[in-house]
Amino acid sequence: MSAATVIGSGAAETGDAVAESLHDLIEEVVAISGAGNFRDLFKKDCTDLCRRISLLAHLVDDIRDFRARRDDDDDAGVGSSSSPLSELLFALQNAKRLLLVAGNFESGEDGAAKKIAFKFQCVTWKLEKALCNIPFEELGISEEVQEQVELVRAQLRRATKRYGPTNSGVLARASSQPLLDKELDVLQVGTRMGSLHIDNIGNVDHVSKAKTSNAVSGDSSRSHSSDSVSTGAERVESSSSASDYGSFKNTNSDMNGDAKSARKSDDESKKLDSVVIPEDFLYPISLEIMRDPVIVATGQTYERSYIQRWIDAGNVACPKTQQKLENFTLTTNYVLRSLISQWCANHNIEQPSAIVTGKLKKSDGSFRDVSGDIAAIQLLVQKLSGRSVEGRQSAVRELRSLSKRSTDNRILIAEAGAIPVLVNLLTTDDTLIQENAVTSILNLSIYENNKGLIMLAGAFPSIVQVLRNGSMEARENAAATLFSLSLADENKIIIGASGAIPALVELLQDGSRRGKKDAATALFNLCIYQGNKGRAVRSGIITALLKMLTESSGSMVDEALTLLSVLAGHQEAKVAVVKAGTLPVLIDLMRTGLPRNKENAAAILLALCKRDTENLASLGRLGAGVPLMELAKSGTERAQRKATSLLELLRKKQQL
């Protein structure tokens, strides 16, 4: 059965109908998510999938607006069964049906659970591929929405990999067929369907689009690791922030590699399914192999990051036995860690730690003996929790120095359990300890695997507190830390919801020159995510940027224009920019600015005037025509394109 058969009336469904179906499907998925009836077994899978699909609402809105503006009814390449939109609709239909089954799956045969997990991998893979083929330019999709879709694609790629080995051929075949009622009946072995059924999903009240961002902001998905994103230059402590913002944009690598044979892939999948992870190796909350098992005072073993958060929340009893903990010392369970490492090696499974029995795995696969380094760092971590103020000051200062020197040190410090303890020190009244603690976390965050550990330690609220109330050095490094952590796409959402953006805007207004650059860098990266743009505007970022544009020193003009360029397409930002009187300033920059500033000014003005006749009319009244014509002739290639587009809009406006 083909995708067209599932979509509706064969290959003839129009582009308008497909666009409306996409809109309805996304609203239905948001409604499913809002009902909150997911069972524990696949709760995280369902929640994550719903969150990612809800982020596509802006894409579909742009598509519907484009369809509404078309005078003709030419559906070529838009409504055919092989079109990108039809493929996206097909993927979303399968996703919705899978959510209805997996969300209510409780127990049953182990094979049924594995089949559902594989279906999640297939649906996730198919969604990413469908989004990859969307013709953005043909459909008039705005730049900010394109960036948001790229974020979703990056999340889908990572999710696909987490489900297990990926073979494009196998996934393509498995994803090419719709999820039929017969297949879903098989998967529903042991499933107790709740009040939300496939038949009555259309009767669920649609959640308004305004609530979509709230649901996203409340996401609390966990991740032990983050994808590596190149920043162009790693900043450690006092190195200045990179001024070229182009290097901060996410680069998304294509997952398509050379596919192995289908038979070999099937054999690998069967081998993976046959492996049963010993229960003692799994942390019961996350159901993941323990990375850093520790023993508490009652003799029970937990994953360090989770039990540390339990203790930090004020709990004084052992979660398993409910006995009061005589002390909060966490002792590494070396025996269990060694057993986990050996088991992973025997089953060719990637080990959760870079350290094996006192040896650090190097990039070439060999091992280096670091037992002495581990002992020294563990002693420093113990001092961090000691009663002596001088001891804590000395230990955190030394960890700051060590974390600055090398990647190996960053791995060893994290392995020693320093991250949760450093996070605790962020709220101290001791200025020196706070400065060294936040800078240590900044240095540790450069190693990608540590980003997830920092997030699990609940660091964001404390970092924001430092950003608001710390010394200038602490505030600078807190901003740089947020930038580093925001390179992981999921963290953009979490950081935005943590209250960081108003604090960053405040630093942008009153910080030192380095502090302003750190704040601008973090804000730029956070505002790639659509939901954070409104937060930035409501925090007063436009006023701060206008001040930066008009300062006599001109030292922050590049940063201000780059931030404005990423905000200009957002409706709230458009209103705020015009209200603040920024148009004359941008026009003047097109006359007198440096080539790059002229280019960015033209790009911002074009974004402000697209689909906005009032702004376009204001541009004409302010005399933008002359500098635009000069720029169209002698500007950079990008500046010429932007200026030419603006001049064309002005000509059309005059002809009306």
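Residues numbered from 1 in each chain as written. Predicted model: local features only at pLDDT ≥ 70, side-chain atom pairs only at ≥ 80, totals over all residues. Heavy atoms only, no water.

Engineer: It is not clear to me how the overall build of the protein chain should be interpreted in this structure. Could you clarify?
Structural biologist: The number of helices and strands found in the protein chain is 33 helices and eight strands. Counting every position in the protein chain, which comprises 656 residues, the buried fraction comes to 52%. Nonlocal contacts in the protein chain, meaning residues at least 24 apart in sequence, comprise 73% of its contacts between residues at least 6 apart. Just so you have it, the protein chain exposes about 29,100 Å², and 49% of that area is on carbon and sulfur atoms. (Helix = DSSP H or I, 4+ residues; strand = E, 2+ residues; numbered from the N terminus. Buried < 20%, exposed > 50% of the residue type's maximum accessible area, 1.4 Å probe, protein only. Contact = heavy atoms within 4.5 Å. Areas by Shrake-Rupley, 256 points an atom, 1.4 Å probe, with all protein chains shown as cover.)

Engineer: Help me out: how do you make sense of the packing of helix α20 (residues 459-469) against helix α23 (residues 500-510) in this one?
Structural biologist: Two numbers describe a pair of packed helices, the interaxial angle and the distance between the axes. The interhelical angle for the contact between α20 and α23, taken along N-to-C directions, is 25°, at an axis separation of 9 Å. With respect to α23, the axis of α20 lies roughly parallel. Between α20 and α23 lies a crossing of left-handed hand. When α20 is examined against α23, the residues V464, L467 and R468 are found in contact with a partner set consisting of A500, A503, L504 and L507. Grouping the constituent residues of the contact of α20 with α23 by class yields six nonpolar, no polar and one charged. (Axes fitted to C-alpha atoms, helices over the stretch in contact; angles between N-to-C directions. Parallel < 35°, antiparallel > 145°, perpendicular 65-115°, else oblique. Left-handed = near helix turned anticlockwise from the far one by under 90°. Nonpolar A, V, L, I, M, F, W, Y, C, P; charged D, E, K, R; others polar.)

Engineer: Would you take a moment to explain helix α21 (residues 472-485) for this structure?
Structural biologist: Note on helix geometry: an α-helix contains 3.6 residues per turn, so any two residues three or four positions apart are oriented the same way. Between its first and last C-alpha, α21 extends 20 Å over 14 residues, near the 20 Å set by a 1.5 Å rise per residue. Counting buried residues along α21, 12 of its 14 residues qualify, which places the element largely inside the surrounding structure. Residues A474, R475, E476, N477, A478, A479, A480, T481, L482, F483, S484 and L485 constitute the buried set of α21. (Expected span 1.5 Å × (residues − 1).)

Engineer: Sorry if this is basic, but what is going on with the packing of α20 against α21 here?
Structural biologist: Axis separation between α20 and α21 bottoms out at 7 Å; the angle between their running directions is 145°. The handedness of the crossing between α20 and α21 is left-handed. Packed against α20, whose contacting residues are F460, I463, V466, L467 and R468, the element α21 presents A474, R475, A478, A479, T481, L482 and L485 at the interface. Grouping the amino acids of the contact of α20 with α21 by side-chain chemistry returns nine nonpolar, one polar and two charged.

Engineer: Help me understand the side chain of S445, please; the structure alone is not making it clear to me.
Structural biologist: By secondary structure assignment, the location of S445 is in helix α18 (residues 431-445). Once you skip the residues sitting within four places of it in the chain, S445 turns out to touch K451, I454, S484 and L485.

Engineer: What's the story with the nonpolar core in this structure? I'm lost.
Structural biologist: Soluble globular proteins tend to bury their nonpolar side chains together. Formed by 155 residues in total, the largest nonpolar core has its most connected members in L59, L508 and I541. Broken down by element, the residue count for this core peaks at 11 residues, all from helix α5 (residues 84-102). Those residues in contact with I541, other than ones at most four positions away along the chain, are V505, L508, L523, A536, L563 and L567. The next biggest cluster of nonpolar side chains, apart from the first, holds eight residues, and it includes V294, Y302, C318 and L330. (Core = buried A, V, L, I, M, F, W, Y, C linked by side-chain atoms within 4.5 Å.)

Engineer: What exactly am I supposed to notice about the sheet that holds strand β5 (residues 331-332) here?
Structural biologist: Strands pair in a sheet through their backbones, by hydrogen bonds, and they do so in one of two ways: parallel or antiparallel. The antiparallel open sheet is built from three strands, whose spatial order is β4-β3-β5. With partners counted over all chains shown, the strands left at the sheet margins are β4 (301-303) and β5, one partner each. Two strands pair when backbone bridges link them, and strand β3 (residues 293-295) and β4 are joined in this way by three bridges, in the antiparallel orientation. Within the sheet, the bridge partner assigned to P293 lies in β4 and is E303. (Pairing = 2+ DSSP bridges.)

Engineer: I tried to follow the pattern of salt bridges on my own but got confused; where do I start?
Structural biologist: Pairs can form between side chains of opposite charge once their charged atoms are near each other. All chains considered together, the criterion is met by 16 salt bridges. Note that R157 is salt-bridged to E128, the shortest N-O span being 3.1 Å. On the criterion of sequence distance, the pair formed by R157 in helix α7 (residues 143-162) and E128 in helix α6 (residues 110-132) is long-range, its members being 29 residues apart. Side by side, R157 and E128 carry an identical accessibility label, which is buried. A salt bridge links R400 to E473, with the shortest nitrogen-to-oxygen separation between them at 3.1 Å. Pair noted here: R400 is in helix α15 (residues 389-405) and E473 is in helix α21, with a separation of 73 residues, a long-range link. According to the relative accessible area criterion, R400 is buried, its value standing at 16%. When salt bridges that share partners are traced, they join E128, K129, E150, R153 and R157 into one network. (Salt bridge = Lys/Arg side-chain N within 4 Å of Asp/Glu carboxyl O.)

Engineer: What is the right way to read unusual backbone geometry from this model?
Structural biologist: A negative phi holds for most residues other than glycine; trans holds for most peptide bonds. The phi dihedral of Q322 is positive, around 65°, even though this residue is not glycine. Mapped onto the elements of the fold, Q322 is located in the loop between α12 (304-312) and β5. A positive phi angle, near 60°, is found at R611, a position not held by glycine. Accessibility expressed as a relative area gives 56% for R611, which makes it exposed.

Engineer: So what exactly am I meant to see when it comes to the environment of L85 here?
Structural biologist: Along the chain, the position of L85 falls in helix α5. Looking at L85, the relative accessible area reads 2%, which means it is buried. Measuring from C-alpha to C-alpha, the distance between L85 and A19 comes to 7.6 Å, with 66 residues separating the pair along the chain.

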